[in-house]
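Residue-level structure breakdown
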Amino acid sequence: INELVAKDEFSGTVLVARNGKPIFTRAVGYAHKGFKVPNQLDTKFNLGSMNKMFTGTAIMQLVLQGKLKIDDKVGKYLPDYPNQDVREKVTIHHLLTHTGGTGDIFGPEFSARRLELKTLDDYVRLYGSRGLEFEPGSKWQYSTYGFLLLGAIVERVSGQSYYDYVRDHIFKPAGM
């Protein structure tokens, strides 16, 4: 840990447990480098892209329940999606594998409106009419937006908000 901190390659908290009981805990680095605020064991961290694994799990649970298919097009679940190419060409598989061509969210539009973006529908309203960046399946490009669309599909198929679905079907069963 000290070596990683010294190289500025790790900042966070560490917990090692045995039989469900912590045997080692440590907080290192800064929660905010600019103000030199050190991490504490109770520092709350933004999960960021870690949520993608929960989104993928939610989608695969719905596949296993027969509520959707991996090769279905976005439009089957989001028939009112503004961009026709996304609706008719992009599959759930494309979104899961970052091959949908739907682009990312970060850029000037996000910076200008980030405080207004509260729901998945807010993101769809902001980015839904833009075109594809490439033909779906033709290349790989990391896409947070693709996973936001998957979250919108989880909402539509499950009838729950994305956050309620993940809480009820992933976090609670896993004891999280």
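Being a predicted model, the structure only gives us computed values, none of them experimental.

**Re the pairing of strand E1 (residues 12-18)**
- In this structure, E1 lies alongside strand E2 (residues 21-28), joined through seven bridges in antiparallel fashion. Along E2, the bridge assignment pairs Val 14 with Arg 26.
- Linkage of E1 to E2, two consecutive antiparallel strands, is achieved through a turn of two residues, within which Asn 19 is found at a positive phi near 55°.

**Thoughts on a nonpolar patch on the surface**
- The grouping of Ile 1, Val 16, Ile 23 and Phe 24 at the surface amounts to a nonpolar patch, some 320 Å² of accessible area in total.
- Mapped onto the elements of the fold, Phe 24 is located in strand E2.
- Accessibility expressed as a relative area gives 36% for Phe 24, which makes it partly exposed.

**A few points about the environment of Ile 153**
- Tracing the backbone shows Ile 153 in helix H8 (residues 144-158).
- By relative accessible area, Ile 153 is classed as buried at 0%.
- Between the C-alpha atoms of Ile 153 and Ile 59, which are 94 residues apart in sequence, the distance is 8.3 Å.

**Here we look at helix H7 (residues 120-127)**
- The element H7 is largely enclosed, with a buried count of six among its eight residues.
- By the burial criterion, the buried members of H7 are Leu 120, Asp 122, Tyr 123, Val 124, Leu 126 and Tyr 127.
- Check the buried side of H7 and you find it contacts helix H6 (108-113), H8 and helix H9 (162-171).

**Looking at the layout of surface pockets**
- Of the volumes computed, that of the largest pocket is approximately 580 Å³.
- Lining the largest pocket are 23 residues, and of these Gly 48, Asn 51, Thr 144, Leu 148 and Tyr 163 lie nearest its centre.
- Those elements that provide at least two residues to the lining of the largest pocket are helix H2 (51-64), H7, H8 and H9.
- For the second largest pocket, the calculated volume is near 180 Å³.
- Taken together, Leu 78, Asp 80, Tyr 81, Pro 82, Asp 121, Val 124, Arg 125, Ala 152, Glu 155 and Arg 156 make up the lining of the second largest pocket.
- In the lining of the second largest pocket, the residues fall into five nonpolar, no polar and five charged.

**A short note on the packing of aromatic side chains**
- According to the stated counting rule, one finds five aromatic pairs in the structure shown.
- On the basis of an interplanar angle of 75° and a centroid distance of 5.1 Å, the ring pair of Phe 106 and Phe 110 is categorised as edge-to-face.

**Focus: the side chain of Thr 55**
- Following the sequence through the fold, Thr 55 ends up in helix H2.
- Only 2.6 Å separates the side chain of Thr 55 from the side chain of Tyr 162, close enough to count as a polar contact.

**What to know about the nonpolar core**
- Ile 59, Leu 68, Ile 92, Tyr 123, Tyr 145, Leu 149 and Ile 153 are the most contacted members of the largest nonpolar core, which has 35 residues in total.
- At the level of elements, H2, helix H3 (74-77), helix H5 (92-96), H7, H8 and H9 are the ones that each hand at least two residues to this core.
- No other element matches the nine residues that H8 contributes to this core.
- With residues up to four places along the chain from it excluded, the contact list for Leu 149 reads Leu 78, Tyr 81, Val 86, Leu 95, Thr 102 and Val 124.

Calculation notes
- Residues numbered from 1 in each chain as written.
- Predicted model: local features only at pLDDT ≥ 70, side-chain atom pairs only at ≥ 80, totals over all residues.
- Heavy atoms only, no water.
- Pairing = 2+ DSSP bridges.
- Helix = DSSP H or I, 4+ residues; strand = E, 2+ residues; numbered from the N terminus.
- Patch = residues over 30% accessible without salt bridge, like charges linked within 9 Å, V, L, I, M, F, W, Y side chains within 5 Å.
- Areas by Shrake-Rupley, 256 points an atom, 1.4 Å probe, with all protein chains shown as cover.
- Salt bridge = Lys/Arg side-chain N within 4 Å of Asp/Glu carboxyl O.
- Buried < 20%, exposed > 50% of the residue type's maximum accessible area, 1.4 Å probe, protein only.
- Contact = heavy atoms within 4.5 Å.
- 1 Å grid on protein atoms, 1.4 Å probe; cavity = no way out; pocket = protein on both sides within 12 Å on 5 of 7 lines; lining within 4 Å.
- Points joined across faces, edges and corners; volume = space filled by probe spheres on them.
- Nonpolar A, V, L, I, M, F, W, Y, C, P; charged D, E, K, R; others polar.
- Phe/Tyr/Trp six-rings, centres within 6.5 Å; stacked < 30°, edge-to-face > 60°.
- Polar contact = N/O pair within 3.5 Å; in protein donor to acceptor, adjacent residues only side chain to side chain.
- Core = buried A, V, L, I, M, F, W, Y, C linked by side-chain atoms within 4.5 Å.

Honestly, it's all geometry; don't read function into it.
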